[in-house]
Amino acid sequence: LTEDLRIEANRAMISMVKGNIEKTHPEQHQQILNAARARSSSTLKAFDADPAIAAIVLTGSDKAFAAGADIAEMQPLTFGAAYASDFILDWSAATTTLRKPLLAAVNGYALGGGCELAMMADILYASRGARFGQPEVTLGTIPGAGGSQRLARAIGKARAMEVVLTNRMVSGEEAAQWGLAARCFETAEECVEGALAAAERIAGFSQVAIKAAKEVVNKSQETGLREGVEFERRVFHGLFGSRDQKIGMKAFVEKDKNPKWEN
Ligand code: CO8
C-alpha cells in the first residue's frame with residue numbers, strides 16, 4: 001500500500017541530475033526536464049487521490065536528496081516573471097496540501113529548496129551522511145519556499161539563524177538531535193528502508209484516523225495552544241462518526257489483532 005516516489009527531476013529540484021541528463025540525452029534534455037517538472041506536482045496529487053496508496057516516501061540519491069533549485073535557470077529570472085508566476089507556489093502548495101503522510105528519506109545534500117522540500121515532509125528521516133543547509137545568502141538571495149519559517153520552528157531561532165546567515169550545514173546526526181529529523185540512520189540504505197517501514201506501518205492503520213492525525217498535528221504548527229486543543233477535540237469527537245472507530249475499538253475489546261479498516 002505504499003509507493004516509493006523517487007522524483008529524480010522534481011520541479012526545479014533537478015540540479016544534480018541535470019548534468020547527467022544533458023550528457024545522456026543531449027538532444028532531448030530540456031524536454032525531459034520540462035516533462036519531469038510538469039509531472040511532479042500532478043504525480044503527488046494523483047498519489048494522494050489513489051485509494052491504493054496510504055503514504056508517500058520521497059528520497060533522492062546517496063549523494064543528494066536535492067541540491068536546490070536550478071541556479072543557472074533562476075539567474076536571469078526577473079522580479080516581474082517571479083511575481084507573475086508566483087514562482088515556487090504550485091510546487092510547494094502541491095507538497096504541503098497532501099492529505100496522506102509524506103515521508104522524506106534524506107541522504108547527502110538537502111540544500112536550499114532541497115532542505116525546504118525535506119522540511120515539508122510529515123516525517124523526516126536522515127542518514128549520517130545527510131547535509132542540510134540553506135545556502136541562499138551565498139547566492140545573494142534568501143530561502144523562498146518556507147525555509148526560514150520551517151527551520152526556525154524545527155530547530156529554534158538561534159540555530160536557524162546560524163544555518164541561514166552563515167551557510168552552516170547540519171549533519172544527519174545533528175538534525176536528529178535538534179528535532180529537524182525524527183531519526184538518524186547509519187547508512188543511506190537503512191534510511192530509505194526505515195522510511196519505507198514507517199510508511200508500511202502507517203498503511204496498516206485506519207486511513208481516516210491517519211489523515212485526521214496528520215491534520216491535528218499540523219494544526220499545532222499554525223495556531224495557539226487553546227485553539228489547537230479545541231480543534232483536536234472536535235476532530236476527535238468527529239471520529240466517533242467513522243466506521244473505523246467502531247472497528248478499532250471493537251477489535252481491541254475482542255482481542256482481534258487484525259482489524260479490517262473501512263474508513
Ligand atoms: N543549481 C544548478 N546546478 C547545480 C546546483 C544547483 N542548485 N547544484 C549543483 N549543481 C551542478 C554543479 O554546477 C555541477 O555542474 P557541472 O557538473 O556542470 O559543473 C554539478 O551540479 C555537480 O556539482 P559540484 O561539482 O559542485 O559537486 P560537489 O560535490 O562539489 O558539490 C554541492 C555539491 C555542495 C551540492 C554544490 O554543487 C553546491 O553547493 N550546489 C549549490 C547548492 C545551492 O546553493 N542550493 C541552493 C539553490 S537556491 C534555492 O534552492 C532556492 C530555492 C527556492 C525554492 C525552490 C523551489 C522549487
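The numbering scheme is per chain: residues are counted from 1 as the chain's sequence reads. Predicted model: local features are reported for residues with pLDDT of at least 70 only, side-chain atom pairs are reported and counted for 80 or more only, and whole-chain, interface and lining totals are derived from all residues. Side-chain figures throughout are based on the complete set of non-hydrogen atoms in the structure, without hydrogens or water.

As annotated in an unreviewed UniProt entry, the protein chain carries the name Enoyl-CoA hydratase and is attributed to Carpinus fangiana. UniProt positions are given in the numbering used here, feature names are shortened, and annotations may be inferred rather than shown by experiment. Turning to the protein chain, the UniProt record has this under Sequence similarities (unreviewed entry): "Belongs to the enoyl-CoA hydratase/isomerase family."

A. Focus on the site of the ligand. Residues are classed as near a molecule or strand on a simple rule: at least one heavy atom within 4 Å of it. In the vicinity of the ligand lie 22 residues, with Lys63, Ala67, Ala69, Ile71 and Gly113 positioned nearest. What qualifies as a polar contact is a pair of N or O atoms within 3.5 Å, subject to a donor-acceptor requirement within protein and to the restriction that residues adjacent in sequence count only when both atoms come from side chains. Contact between the ligand and Lys63: an oxygen atom at 2.8 Å from a side-chain N or O atom of the residue. Each accessible area value is a Shrake-Rupley result obtained with a 1.4 Å probe; residue values ignore everything except the protein chains displayed when judging cover. Protein chains shield 64% of the accessible area of the ligand, which is 1,100 Å² for the free molecule. At the level of secondary structure, the elements contributing two or more residues to the shell around the ligand comprise helix H1 (15–24), helix H3 (71–74), strand S5 (109–111) and helix H6 (113–119). Ten residues, namely Ala, Val, Leu, Ile, Met, Phe, Trp, Tyr, Cys and Pro, are considered nonpolar, four, namely Asp, Glu, Lys and Arg, are considered charged, and the remaining ones, Gly among them, are considered polar. Here the shell around the ligand is composed, by residue class, of 13 nonpolar, 4 polar and 5 charged. Going along the chain from the N terminus, every DSSP run of H or I of four or more residues is numbered as a helix, and every run of E of two or more is numbered as a strand.

B. Up close: the sheet that holds strand S8 (residues 170–171). Strands sit in the order S3-S5-S7-S8 across an open sheet of 4 strands; the sheet is mixed. Two strands lie at the open edges of the sheet, namely strand S3 (64–66) and S8, each paired on one side alone. A pair of strands is labelled paired if DSSP reports no fewer than 2 bridges between them. Bridge analysis of S5 against strand S7 (residues 131–133) gives 3 bridges, and the strand direction is parallel. Of the residues in S7, the one forming a bridge with Leu111 is Gly133.

C. Spotlight on the packing of helix H7 (residues 147–155) against helix H8 (residues 157–166). Note on definitions: angles span 0 to 180 degrees between N-to-C directions of axes, and those axes are lines fitted to C-alpha atoms, for helices only across the stretch in contact. As a packed pair, H7 and H8 sit with axes 7 Å apart at the nearest point and diverge in direction by 135 degrees. The angle between H7 and H8 falls in the class oblique. Crossing angle aside, the handedness with which H7 passes H8 is right-handed. Contacts from Leu151, Ala152 and Ile155 in H7 reach Lys157, Arg159, Ala160, Val163 and Val164 in H8. Split into classes, the residues belonging to the contact of H7 with H8 amount to 6 nonpolar, no polar and 2 charged. Here roughly perpendicular refers to angles of 65 to 115 degrees, roughly parallel to angles under 35, roughly antiparallel to angles over 145, and oblique to all remaining angles. Whether a crossing is left-handed or right-handed is set by the direction in which the near helix is turned from the far one by less than a right angle, anticlockwise for left-handed and clockwise for right-handed. Residue contacts follow a heavy-atom distance rule, with two residues in contact if any of their heavy atoms lie within 4.5 Å.

D. Examining the pattern of salt bridges more closely. In the sections that follow, a salt bridge refers to a side-chain nitrogen of Lys or Arg positioned within 4 Å of a carboxyl oxygen of Asp or Glu. With the rule as written, the count across this model stands at 7 salt bridges. Between Glu173 and Arg128 there is a salt bridge, with its nearest N and O atoms 3.1 Å apart. Here Glu173, found in helix H9 (residues 172–178), pairs with Arg128, found in the loop between strand S6 (123–127) and S7; they are 45 residues apart in sequence, far enough to count as distant. The classification of residues rests on relative accessible area computed with a 1.4 Å probe and restricted to protein chains. Under 20% of the type maximum is buried, over 50% is exposed, and intermediate values are partly exposed. Since its relative accessible area comes to 36%, Arg128 is described here as partly exposed.

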